[in-house]
Amino acid sequence: MPEFVLEARGLRKSYPRPDGSELVVLQGVDLVLKRGDTCSIIGPSGSGKSTLLALCAGLDQPTSGSVRIAGADLAPLDEDGRAAVRGRHVGFVFQNFQLLPTLTALENVLVPAELRGEADPELGRSLLRRVGLEGRMDHYPAQLSGGEQQRVALARAFVNRPAILFADEPTGNLDAETAARITDLVFGLNAEAGTALVLVTHDPELASRTGLRLRLRGGVPVSE
Ligand SMILES: Nc1ncnc2c1ncn2[C@@H]1O[C@H](COP(=O)(O)OP(=O)(O)O)[C@@H](O)[C@H]1O
Ligand SMILES: [Mg+2]
């Protein structure tokens, strides 16, 4: 593994407005992380947090600037190439879980591994045990609470043993007790596996636990 698991430099993102002018939502953001580093992205609604996360995770492309994930420069890659880098090195957790409703918890966890042709049901089961869902492996998302669905999403994010986990408000929809449990799990997996974390959050408790904090205001990093 190269020195940096994430090397994002000079990221800028803009959209054309209907009148032809440019709406700049991110203007010159750097984010560089080594193995095991943890970073929270904080700031008011609309400040560009989700945009930055999507660019760093290779889900969206910057207007200018560069992103390397585990040494791989995303710029020359097409969508299939970016998907391959994501599948190999990246895990995601979204605020609204995004589980597939027609698959069981175990099947959901195994989806990213199946996309790589390396699905190992025993690894999926061990991850579900790790997040406390040993009794729920064959349940469908609709049969699970929000906190349980988020734990399935977390197990799924780790199934390819990613170098870096991106999570967009992973505790945003959960009660305080469940949020604390998810937070402990994320940092536990960081400590055990050295997975770097990038967490968008409004939760001061979660933000206080990361080694780095990146505060955005109007698409610009500001000092705390
Ligand atoms: N596809 C898009 N087209 C135009 N504007 C967008 C698009 N996506 C996001 N934006 C704008 O970019 C800004 C930052 O959005 P976002 O990154 O979602 O903020 P945050 O996650 O901090 O709430 C917002 O003003 C939003 O309206
Ligand atoms: Mg957001």
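Residues numbered from 1 in each chain as written. Chains lettered and ligands numbered in written order. Predicted model: local features only at pLDDT ≥ 70, side-chain atom pairs only at ≥ 80, totals over all residues. Heavy atoms only, no water.

**Q** Any details on the pattern of salt bridges? Residues and values, ideally.
**A** Taken as a whole and assessed by the stated rule, the structure comprises 13 salt bridges. Across the salt bridge formed by R12 and E22, the nearest N and O atoms sit 3.3 Å from each other. Here E22 lies in strand β2 (residues 22-34) and R12 lies in strand β1 (residues 4-16), a separation of ten residues in the sequence. Given a relative accessible area of 26%, R12 falls into the partly exposed group. For E79, the salt bridge is made with R86, and the minimal N-O distance between the two is 2.9 Å. Residue class for R86 comes out buried when judged on its relative accessible area of 13%. One connected set of salt bridges, linked through shared partners, spans E79, R82 and R86. (Salt bridge = Lys/Arg side-chain N within 4 Å of Asp/Glu carboxyl O. Helix = DSSP H or I, 4+ residues; strand = E, 2+ residues; numbered from the N terminus. Buried < 20%, exposed > 50% of the residue type's maximum accessible area, 1.4 Å probe, protein only.)

**Q** Outline the layout of surface pockets, supporting the account with residue identities and numerical values.
**A** One number sums up the size of the largest pocket: a volume of about 500 Å³. Those elements giving two or more residues to the lining of the largest pocket turn out to be α2 (79-89), β6 (90-93), α3 (105-115) and α5 (146-158). Per-class residue counts for the lining of the largest pocket are ten nonpolar, five polar and three charged. For the second largest pocket, the calculated volume is near 280 Å³. Around the second largest pocket, the lining is made up of 16 residues, and of these F158, R161, P162, A193 and T195 lie nearest the centre. Every element with two or more residues in the lining of the second largest pocket is listed here: α4 (121-130) and α6 (176-193). By residue number, the principal contributor to the lining of the second largest pocket is α4, which donates four residues. Its residues assigned to classes, the lining of the second largest pocket shows nine nonpolar, three polar and four charged. (1 Å grid on protein atoms, 1.4 Å probe; cavity = no way out; pocket = protein on both sides within 12 Å on 5 of 7 lines; lining within 4 Å. Points joined across faces, edges and corners; volume = space filled by probe spheres on them. Nonpolar A, V, L, I, M, F, W, Y, C, P; charged D, E, K, R; others polar.)

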